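Coordinate inspection notes
One letter stands for each residue in the lines below.
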Amino acid sequence: REWVLDESGSRPIVKRALDLGINFIDTCDYYSDGQSELVLGRLLDGFVKRDEIVLATKVGNPMGRGPNARGYSRKHLFEAVDASLKRLGTDYIDLYQSHIWDPSTNLEEMIEAFDALRRTGPEDLQLRRVMARDGSSAPEARAMIAAQANRAARLAVADDVMGIYSDNPTLG
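Here the structure is a predicted model, which is why all the values come from computation and not from measurement. (Residues numbered from 1 in each chain as written. Predicted model: local features only at pLDDT ≥ 70, side-chain atom pairs only at ≥ 80, totals over all residues. Heavy atoms only, no water.)

Considerations on the nonpolar core
In terms of nonpolar packing, the biggest core is built from 26 residues, with Leu18, Leu44, Val59, Leu77, Tyr96 and Met110 touching the most fellow members. Among the elements of the structure, helix H1 (7-19), helix H2 (35-47), strand E2 (54-59), helix H3 (74-88), strand E3 (93-98) and helix H4 (107-119) are those that each provide at least two residues to this core. At 6 residues, H4 tops the list of elements feeding residues into this core. Every residue in contact with Leu77, bar those within four places of it in the chain, is listed here: Val59, Gly71, Tyr72, Tyr96, Met110, Ala113, Phe114 and Leu117. (Core = buried A, V, L, I, M, F, W, Y, C linked by side-chain atoms within 4.5 Å. Buried < 20%, exposed > 50% of the residue type's maximum accessible area, 1.4 Å probe, protein only. Helix = DSSP H or I, 4+ residues; strand = E, 2+ residues; numbered from the N terminus. Contact = heavy atoms within 4.5 Å.)

Below is the structure:
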């Protein structure tokens, strides 16, 4: 796609953002089939100490063929976070977000998997926070309630509004 930059094209933009004090970096495993994470990981490693930024990425979009390469099953979440950590060249992600809502998601399995991921690694360093995000807040509310009921990792919740016009009926 013409709007996708390679590493050399991205370098001055990322450098300028960091020089201006931007320290929240958000990407997604799905962007350019993982290349966004790979490029950002290499650039950030050369520009900044890891503890000087907040690094966020997202999961849920199809990353391959078949049901285990998408969504929020335990299998996919564990494989996806490992792949993101490798591409980003880091041992932890500050904010791990669901990207799209999959109506076939088993909420209990998703919550348990996010909780297990957050609790793994030395001193819970693999994932610092998990967040469910989507254009519809109903699934997120159910997920948050399920997480609290199960005493699992509490999910932060965000409701995106991408622009003035939306077909989301909750916006009125």
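On we go.
Considering the pairing of E2
With respect to burial, E2 is a largely interior element, 5 of its 6 residues being buried. Strand direction decides the pairing type here: strand E1 (residues 24-26) and E2, joined by 3 bridges, are parallel. Residue pairing across strands places Phe24 opposite Val54, the latter belonging to E2. This β-α-β element, E1 to H2 to E2, shows right-handed connectivity. Strand direction decides the pairing type here: E2 and E3, joined by 4 bridges, are parallel. Within E3, the residue paired with Ala56 across the bridge is Leu95. (Pairing = 2+ DSSP bridges. Right-handed = clockwise from strand over helix to strand, strands pointing away.)

Description of the confidence of the model for the chain
The pLDDT averaged across the chain works out to 78; a share of 69% of its residues lies at or above 70. Taken together, the stretch residues 159-172 has pLDDT below 50 and engages in 10 contacts with residues farther than four places along the chain or on a different chain. (pLDDT = per-residue confidence, 0-100.)

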